[in-house]
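# Understanding the architecture of this molecule
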Amino acid sequence: MSELIKTSENKERELEEQLKKLPKEKWKIWRLIAVGIFMPFVGPYIPMRRGMLEDRMGYQDAVLLFAALLLVVIPIGCYMHFQKINNEIFDAECELESLKRQNKLNVQNEISE
């Protein structure tokens with residue numbers, strides 16, 4: 001029975017470490033924002049099937065097209081990233097609470113035996 005308690009304590013430590021790291025993951029959103037700032041200026045030069053967008057539309061129109069597109073995509077990507085992190089935090093908290101309850105019951109069972 002003590003081996004079960006040790007493994008659950010290790011699992012608790014891992015979950016607590018994960019809970020400490022997950023809020024820091026939210027700050028990795030800067031990568032998406034940096035791409036959103038950089039991409040409209042480089043995007044027109046990306047080769048496509050019919051040639052570069054810059055050749056077909058003109059550089060200014062292509063930049064405006066990419067900027068408009070990214071004005072929609074970046075907030076959606078940020079929202080999805082934050083939701084993913086929040087869901088992982090919630091799952092880890094629920095699992096940690098469940099392990100603590102289970103450990104408490106195991107200790108009570110050991111005492112009563």
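Given the structure is predicted, the values throughout are model-derived calculations rather than measurements.

## Here we look at the overall build of the protein
Secondary structure summary: the protein contains 4 helices and 0 strands in total. Traced from its N-terminal end to its C-terminal end, the protein shows the element sequence α-α-α-α. Against the 2.2 N^0.38 benchmark of 13 Å for 113 residues, the protein shows a C-alpha radius of gyration of 25 Å, more extended than a compact globule. Considering only C-alpha atoms, the protein reaches an extent of 80 × 20 × 20 Å along its principal axes. Taken across its 113 residues, the protein has 22% of its residues classed as buried. Long-range pairs, those at least 24 residues apart, make up 68% of the contacts in the protein between residues at least 6 apart in sequence. With the model as given, the accessible surface of the protein reaches about 8800 Å², and the carbon-plus-sulfur share is 61%. Separation between the mean location of the 16 positive side-chain charges and that of the 17 negative ones in the protein comes to 5 Å.

## Comments concerning the confidence of the model for the protein
Across the protein, the average pLDDT comes to 83, with 95% of residues at 70 or higher. Within the protein, helix α1 (residues 2-25) has the poorest average pLDDT of any element, 78, and helix α4 (residues 59-112) the best, 86.

## Thoughts on the environment of glycine 77
Secondary-structure assignment places glycine 77 in helix α4. Taking the C-alpha atoms as reference points, glycine 77 and isoleucine 33, separated by 44 residues in sequence, lie 9.5 Å from one another. Once residues lying within four places of it in the same chain are set aside, the contact partners of glycine 77 are Ile29 and Leu32.

## Side note on the nonpolar core
The biggest cluster of nonpolar side chains holds 8 residues, and these are Leu15, Leu19, Leu22, Ile85, Ile89, Ala92, Leu96 and Leu99. If you list the elements that add at least two residues to this core, you get α1 and α4. Broken down by element, the residue count for this core peaks at 5 residues, all from α4. Setting aside its immediate chain neighbours within four residues, isoleucine 85 contacts Leu22, Glu25 and Lys26.

## Some words on a nonpolar patch on the surface
A cluster of nonpolar side chains, namely Leu69, Leu71, Val72, Val73, Ile76, Tyr79 and Met80, defines an oily patch on the protein surface of about 750 Å² accessible area. Residue position: leucine 69 is located in helix α4.

## A short note on α4
With 54 residues, α4 ought to run about 80 Å at 1.5 Å a step, and its terminal C-alpha atoms sit 78 Å apart, in line with that. Along α4, the largest kink reaches about 30° and is centred on leucine 70.

## Some points on the packing of helix α2 (residues 30-42) against α4
Following both chains from N to C, one finds α2 and α4 inclined at 165°, their axes separated by 7 Å at the closest point. Here α2 lies roughly antiparallel to α4, going by the angle between them. The element α2 and its partner α4 pack so that their crossing is right-handed. Contact with α2, carried on its side by Leu32, Ile33, Val35, Gly36, Met39, Pro40 and Phe41, involves Tyr59, Val63, Phe66, Ala67, Leu70, Ile74, Gly77 and Cys78 of α4 and no other residues of that element. Looking at the contact of α2 with α4 residue by residue, the class counts come to 13 nonpolar, 2 polar and no charged.

## Structural notes on the pattern of salt bridges
Pairs can form between side chains of opposite charge whenever their charged atoms are close. Tallied over the full model, the rule gives 2 salt bridges. The partner of lysine 11 in a salt bridge is glutamate 95, and the shortest N-O contact between them spans 3.4 Å. One end of the pair, lysine 11, is in helix α1; the other, glutamate 95, is in helix α4, with 84 residues separating them in the sequence. When its relative accessible area of 35% is taken as the criterion, glutamate 95 is described as partly exposed. As a salt-bridge pair, lysine 28 and glutamate 25 come within 3.4 Å of each other at their nearest N and O atoms. Among the residues examined, lysine 28 registers a relative accessible area of 36% and is labelled partly exposed.

What counts and how
Residues numbered from 1 in each chain as written. Predicted model: local features only at pLDDT ≥ 70, side-chain atom pairs only at ≥ 80, totals over all residues. Heavy atoms only, no water. Helix = DSSP H or I, 4+ residues; strand = E, 2+ residues; numbered from the N terminus. Rg over C-alpha atoms; globule rule 2.2 N^0.38 Å. Buried < 20%, exposed > 50% of the residue type's maximum accessible area, 1.4 Å probe, protein only. Contact = heavy atoms within 4.5 Å. Areas by Shrake-Rupley, 256 points an atom, 1.4 Å probe, with all protein chains shown as cover. Lys, Arg positive; Asp, Glu negative; His and termini not counted. Charge placed at Lys NZ, Arg CZ, Asp CG, Glu CD. pLDDT = per-residue confidence, 0-100. Core = buried A, V, L, I, M, F, W, Y, C linked by side-chain atoms within 4.5 Å. Patch = residues over 30% accessible without salt bridge, like charges linked within 9 Å, V, L, I, M, F, W, Y side chains within 5 Å. Salt bridge = Lys/Arg side-chain N within 4 Å of Asp/Glu carboxyl O. Expected span 1.5 Å × (residues − 1). Bend = angle between axes of the 7 residues up to and from the residue. Axes fitted to C-alpha atoms, helices over the stretch in contact; angles between N-to-C directions. Parallel < 35°, antiparallel > 145°, perpendicular 65-115°, else oblique. Left-handed = near helix turned anticlockwise from the far one by under 90°. Nonpolar A, V, L, I, M, F, W, Y, C, P; charged D, E, K, R; others polar.

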